[in-house]
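Coordinates in review
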Amino acid sequence: MKVTFLGTGTSQGVPVIGCDCLVCSSLDFRDKRTRSAIHLEIDGKSLVVDTGPDFRIQMLREKINKLDAVLFTHEHKDHTAGLDDIRPYNFSQKKDMPIFGSRKVLNQIKREYSYIFDEVKYPGVPSVVPNEITNNPFSVEEIIVTPIEVMHYRLPVFGFRFQDFTYITDAKHIERKEIEKIKGSKVLVLNALQKSHHISHLTLNEAIQLTEIIQPKVAYFTHVSHKLGTHQEIEKDLPAHIRLAYDGLKIYID
Ligand SMILES: [Zn+2]
Ligand SMILES: [Zn+2]
Ligand SMILES: [Zn+2]
């Protein structure tokens, strides 16, 4: 399995428009964070988790010319705003794009992209096949996916476990029974927004504590705000098995 971090930034991205802080003015490419999403290559299939507003530029950057399905963690715009840009895959692959999400996510997509679901469609609009998921394992193109329900303030969000890899974003709290489902993962991705308290996101310390409970071989933190600090300064203080993800980072898991 190959995992590519398409984006690792929080909802506004890094740099933030109009901000001249140390992080936003950093020249380090790892401090340029587009909105969070990952791409997975697994058993010859090509999947993405979330299509944020930077989806098009991320797929071009990584030269991902084939896409078999889209999984959504939740309905926030920084995770869904790029859906219209699946059209090139519709055209080149000559098929509808399967999308997977909770009922709430799919309902919101139907509202926000109502033109996709019109009875009489304008030519060239995206074509999708919605697949509703619940908190039970499901299969995407014959790949078994275990959803992990996490709480993002009061909003339930799905993390996803693919074999020994678990991707969780936009979590603030994870119940014990959901933590049990993550245990045994070799590689864990968690969101770590900033150092100071936040109502709907894990802080850096909370993400470190959760990693210690779950005990993966290695953890990568994502959905990072400009308030966290520069990549270089934050990563040097992290334990060796915890790394800060950055856009374009690729990991291989067997
Ligand atoms: Zn988000
Ligand atoms: Zn800034
Ligand atoms: Zn969110």
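The residue count restarts for each chain, going from 1 along the sequence in the order it is written. Following the order in which they are written, the chains are lettered starting with A and the ligands numbered starting with 1. For a predicted model such as this one, the threshold for reporting local features is a pLDDT of at least 70, and the threshold for listing and counting side-chain atom pairs is 80 or more; totals across whole chains, interfaces and linings nevertheless cover every residue. Computation of side-chain values: all heavy atoms of the structure, hydrogens and water removed.

Further remarks concern the packing of aromatic side chains. Classification of ring pairs rests on two measures: the distance between centres of Phe, Tyr or Trp rings, Trp counted by its six-membered ring, which must be within 6.5 Å, and the angle between planes, read as stacked under 30 degrees, edge-to-face over 60 and tilted in between. Tallying each qualifying case throughout the model produces 9 aromatic pairs. Ring centres 6.1 Å apart and planes at 80° place the aromatic pair Phe138 and Phe160 in the edge-to-face group. Of this pair, Phe138 sits in strand S7 (residues 138-140) while Phe160 sits in strand S9 (residues 155-162), and the two are 22 residues apart along the sequence. Residue classification places Phe138 among the buried positions, given a relative accessible area of 11%. Working definition: helices are DSSP H or I runs of at least four residues, strands are E runs of at least two. Numbering for both runs from the N terminus. Remark: exposure states derive from per-residue accessible area (1.4 Å probe, protein chains only) relative to the maximum for the residue type, with buried under 20%, exposed over 50%, and partly exposed in between.

Okay, helix H4 (residues 103-112) next. Considered for burial, the residues of H4 that qualify are Val105, Leu106, Gln108 and Ile109. End-on, the buried residues of H4 take up no more than an arc of 160°, which puts them together on one face. Exposed residues pointing more than 90 degrees away from the buried face of H4 are listed as Arg103 and Arg111. Directions drawn from the helix axis to the C-beta atoms are what define this arc.

Each angle at a metal carrying four tetrahedral donors should ideally be 109.5 degrees, and each at a metal carrying six octahedral donors should ideally be 90 or 180 degrees. In this description, a donor is an N, O or S atom within 2.8 Å of the metal centre, a cutoff extended to 3.2 Å for sodium, potassium and calcium. Water is not part of the atom list, which can make sites seem incomplete. Listed as protein donors to the zinc ion (ligand 3) are His74 (NE2), His76 (ND1), His152 (NE2) and Asp170 (OD); their distances from the metal cover 2.2 to 2.3 Å. Mapping the donors of the zinc ion (ligand 3) onto the primary sequence gives the spacing H-x1-H-x75-H-x17-D. Metal-to-metal, the separation of the zinc ion (ligand 3) and the zinc ion (ligand 1) is 3.4 Å; Asp170 coordinates the two. Linking His152 in strand S8 (residues 143-152) with Asp170 in the loop between strand S10 (165-167) and helix H5 (176-182), this pair joins segments that are 18 residues apart in sequence. Of the two residues, His152 and Asp170, both sit in the buried class.

This part is about the sheet that holds strand S14 (residues 250-252). Note: two strands are recorded as paired if DSSP finds a minimum of 2 bridges between them. What the 7 strands build is an open sheet, ordered S6-S5-S4-S3-S2-S1-S14; its pairing is mixed. Edge positions in the open sheet fall to strand S6 (128-132) and S14, since each of these has one partner strand only. Strand-to-strand, the axes of this sheet are offset by a mean angle of 20°, without reference to chain direction. Examined bridge by bridge, strand S3 (residues 45-49) and strand S4 (residues 69-71) share 3 bridges and lie parallel to one another. Among the inter-strand pairings, Leu47 is bridged to a residue of S4, identified as Ala69. Here, axes are lines fitted to C-alpha atoms. For helices the fit covers the stretch in contact, and angles between N-to-C directions go from 0 to 180 degrees.

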